[in-house]
Structures are given as C-alpha cells and as structure tokens.
Amino acid sequence: MKNYVVFCAVIFCFASVSYALTFEDCGSKIGKWTQIDVSGCNTDKKSCVLKRGSNASIGITFETTKPVQKVEALVWGKIAEIDVPFPLPNGDGCTSNVSCPVQPNTPQNYVTTLPVLKIYPKIPVLVKWELVSEKKEVIVCVLIPAQIK
C-alpha cells in the first residue's frame, strides 16, 4: 500500500508539471543574450504562437565581447532540420534600437518586427535568430520554439 501511495504521488507530480517556454543559444560567438521578448508569447506554454497575417515583435537584449561596427539580423525557420530563410523588412540592427558602433560589455536592446505571412504553413517551427557583425561573426544566436497558426 505504501508503494502505491508513493507511486501515485510521483505520477501526480509529473502530471502537474507545466511546460515553460525556453529559449536556447544556438552558437553565440562574440556576445551573449540576456533576455528575449516575443510579443504575445505566453511563456507558460512550450512555444510562441505566431498568427499568420500578423506581425510578431521581438526584442533581444545582448552584449558583445568586442567592438562591432554594424549589426545585421538573419532569421530562419528550422523545418525538418532545414533552415528556411524568413525575410525581414529591415535587417539592419543599427536602425533597430542598437547603438552602432557597439562597444563591448554595453547592454543593447535589438527590437524589430517579423511579418508572419499568410502563405506560411500552419506548422510548428523553430525560429533561429542571429545577430551578426559586419565581418559576419555571430554575435548572438537564439532558437525560439514557435507554432504558426
């Protein structure tokens, strides 16, 4: 009987665990991100919902480890292990709230909007967002679990 009670308690604990959204570093080289914000994203869920025909705003707070003259944003959707480019209306990080040239160890807050086009399929996607330097060095890279609906 005692084993049964312990077993039920363990099952109850696992059943009550909620998913929490986690962002993953995917190869930051000359910087680190400290905060990721996605508009309308419920962090109690396991992925962000991106609604077709709308815009998703993203904020990445980061610092570099060395001086950077320019910052460029590159975005892909990882679908079945294939990186599919997501076009940005403005890939220039220096016009997206980043103070260029960027000095090392100085917090920056990159902010932009990604159009979620109606032609995108309704599927789960892992959004890969990179900020790169003028020398194409990866400043920060983050994976954002998402669901296009």
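Each remark here, short or long, concerns the structure printed above.
Residue positions are given per chain, counted from 1 along the sequence in the order it is written. At least 70 in pLDDT is required for a residue's local features to be given in this predicted model, at least 80 for side-chain atom pairs to be given and counted, and no such filter applies to totals for whole chains, interfaces and linings, which use all residues. Each side-chain value is derived from all of the structure's non-hydrogen atoms; neither hydrogens nor water enter the calculation.

Some thoughts on the overall build of the chain
And step 1. Helix numbering and strand numbering both begin at the N terminus, where a helix is a DSSP run of H or I of at least 4 residues and a strand a DSSP run of E of at least 2. Scanning the chain for helices and strands turns up 1 helix and 9 strands.
And step 2. In the chain, the succession of helices and strands from N to C terminus is α-β-β-β-β-β-β-β-β-β.
And step 3. The buried label applies to any residue whose accessible area, calculated with a 1.4 Å probe on protein chains only, is under 20% of its type's maximum; exposed applies above 50%, and partly exposed to all values in between. Taking all 149 residues of the chain together, 36% fall into the buried category.
And step 4. In what follows, residue pairs with any heavy atoms lying within 4.5 Å of each other are defined as contacts. Put simply, of all contacts in the chain between residues at least 6 apart along the chain, 71% involve residues at least 24 apart.
And step 5. Total accessible area on the chain stands at roughly 8900 Å², and carbon and sulfur atoms take up 58% of it. In these tables, accessible area is a Shrake-Rupley quantity obtained with a 1.4 Å probe, and a residue counts as shielded only by the protein chains included in the view.

Remarks on empty space enclosed by the protein
And step 1. Residues are said to line a cavity or pocket when one of their atoms sits within 4 Å of a point; the points come from a 1 Å grid over protein atoms alone, cavities being sets where a 1.4 Å probe fits but cannot get out and pockets being open sets with protein on both sides within 12 Å along at least five of seven lines. Grid points are joined across faces, edges and corners, and a volume is the space filled by probe spheres set on the points. Within the structure shown, the criterion is met by 1 cavity of 30 Å³ or more.
And step 2. Lining the largest cavity we find Val38, Cys48, Leu50, Ala56, Ser57, Ile58, Leu114, Val127, Trp129, Ile144 and Ala146.
And step 3. Those elements that provide at least two residues to the lining of the largest cavity are strand 3 (48-50), strand 4 (54-64), strand 8 (124-133) and strand 9 (138-148).
And step 4. Tallying contributions element by element places strand 4 first for the lining of the largest cavity, with 3 residues.
And step 5. For this classification, Asp, Glu, Lys and Arg are treated as charged, while Ala, Val, Leu, Ile, Met, Phe, Trp, Tyr, Cys and Pro are nonpolar and the rest, including Gly, are polar. Of the residues assigned to the lining of the largest cavity, the class counts are 10 nonpolar, 1 polar and no charged.

Remarks on the side chain of Ser133
And step 1. Along the chain, the position of Ser133 falls in strand 8.
And step 2. If near-sequence neighbours (up to four positions away) are discounted, Ser133 is found in contact with Ile30, Val68, Lys70 and Ile139.

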